[in-house]
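Fold and contact review
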Amino acid sequence: MQRLCEKNSPCAKQKPLCKGCIEPLSMFSTIGKQIQRVQQHTQLLDCMHSSLMYPSAAYTSIIDLQLVMTCSSQVLWVFVLAGDCLTVTGRTLAENLDVLPDLTPGQDVVVPLSTPIKETGHITIFRGNLCPDGSVAKITGKEGLSFRGPALCFDSEEEMLSALERGEIVKGSVIIIRYEGPKGGPGMPEMLTPTSAIVGAGLHHDVALITDGRFSGGSHGFIIGHVTPEAQEGGAIAVVQDGDVIDIDYVTKEINIVVDDTVLESRLQAWKQNPKPYKVQRGTLYKYIKVVKSASVGCVTDE
């Protein structure tokens, strides 16, 4: 019951990767910014991600919790942060940073702005005929630049987990978990259990996972979430069939179902004739389903 309550909560979208994408998207939708343009100019300076070198405890080994502020001083002095911003200490940001020590000499957990681990942010927006309104991947570079394989489709994470237990998911597959978006979940639940199970099965280097739900900030590999339009709204992810070849290309930032356009359109029209019912038909969650917008605009509920 606890798991179901968490999964079906409208607040389920407030989790790790969400804070790096969904929440900025909801703000950007108000001020008219595009997250892809922002990440192209946001350098990756630390090795703290799960698919990189160090665990989070490495922060404390080099300068305790002041590390983040010390790193911020690097950014401040190249005029990215506003040094005159007043903080809760009663001093400006620049004044707070002035008294902090440098990072531990020789450490390589956090690198200088002049030699970033990655010139651009690790959050990548994909489009293509599978996700014309966008999808989100966390690409650090270790995953490779492409993945191509046959689809294995599941209408919930529970169906996918059962198939994994039965040994039906094999190397080279592109796993599709759908009807887990803002409306379909409802609440866009996090796919931490499926991604963890894939790692436990030793398949994380050999499969890709695509979902209209979310995935944890601790996940790694070819994992794409936030697919829009979501399945519950009749997006292309709803009509992918087992065996369809899915092509994921980091260079072009596209995810495509390798089928003829007329075939795809025919499937979409057929779905519209018989849409999948909402998982919840009354109460607060039903009201949430009716008002929540796409993940591509931050799952806002006030439009």
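The structure this text deals with has already been given above.
This report concerns the structure included in the present document. (Residues numbered from 1 in each chain as written. Predicted model: local features only at pLDDT ≥ 70, side-chain atom pairs only at ≥ 80, totals over all residues. Heavy atoms only, no water.)

With that settled, consider the overall build of the protein chain. The helix and strand inventory of the protein chain stands at 11 helices and eight strands. Scored against the burial criterion, the 303 residues of the protein chain give a buried share of 49%. Taking contacts inside the protein chain between residues at least 6 apart in sequence as the whole, the part at least 24 apart equals 68%. Approximately 15000 Å² of the protein chain is accessible, and the part contributed by carbon and sulfur atoms is 56%. (Helix = DSSP H or I, 4+ residues; strand = E, 2+ residues; numbered from the N terminus. Buried < 20%, exposed > 50% of the residue type's maximum accessible area, 1.4 Å probe, protein only. Contact = heavy atoms within 4.5 Å. Areas by Shrake-Rupley, 256 points an atom, 1.4 Å probe, with all protein chains shown as cover.)

One recurring pattern in soluble globular proteins: nonpolar side chains tend to sit buried together. Ranked by size, the top nonpolar core spans 30 residues in total, and within it Ile176, Ile210, Ile224, Val240, Ile246, Ile248 and Ile255 carry the most contacts. Those elements giving two or more residues to this core turn out to be strand E3 (146–154), strand E4 (174–177), strand E5 (208–211), strand E6 (223–228), strand E7 (245–249), strand E8 (254–257) and helix H10 (261–273). When residues no more than four places from it in sequence are discounted, the contact partners of Val240 are Leu130, Ala151, Cys153, Ile176, Arg178, Ile246, Ile257 and Arg267. (Core = buried A, V, L, I, M, F, W, Y, C linked by side-chain atoms within 4.5 Å.)

Per the stated rule, a full pass over the model turns up seven salt bridges. Residues Glu190 and Arg214 are paired through a salt bridge, measuring 3.6 Å at the closest nitrogen-oxygen approach. Of the two residues, Glu190 is situated in the loop between E4 and helix H9 (192–200) and Arg214 in the loop between E5 and E6; the sequence distance between them amounts to 24 residues. The two residues Glu190 and Arg214 agree in class, both being buried. Because the salt bridges share partners, they merge into one network encompassing Asp155, Arg178 and Lys276. (Salt bridge = Lys/Arg side-chain N within 4 Å of Asp/Glu carboxyl O.)

To continue, consider the pairing of E3. Here five bridges tie E3 to E7, and the two strands are oriented antiparallel to one another. In the strand pairing of E7, Arg148 is matched with Asp247. Pairing between E3 and E4: four bridges, direction parallel. Bridged to Phe154 within E4 is Ile177. (Pairing = 2+ DSSP bridges.)

Going residue by residue along E4, you find Val174 and Ile176 tucked away on one face and Ile175 and Ile177 tucked away on the opposite face as well. As paired strands, E4 and E5 are joined by four bridges and run parallel to one another. When the sheet's bridge partners are listed, Ile177 is paired in E5 with Thr211. Considered for its hand, the β-α-β crossover made up of E4, H9 and E5 is right-handed. (Right-handed = clockwise from strand over helix to strand, strands pointing away.)

All buried positions along H9 are accounted for by Pro194, Thr195 and Ile198. Down the axis of H9, the buried set is contained in an arc of 95°. They therefore lie on one face. Tucked into the core, H9 has its buried residues touching helix H8 (157–165), E4, E5 and E6. Positive phi shows up at Gly202, right after H9, with a value of about 75°. (Arc of directions from axis to C-beta.)

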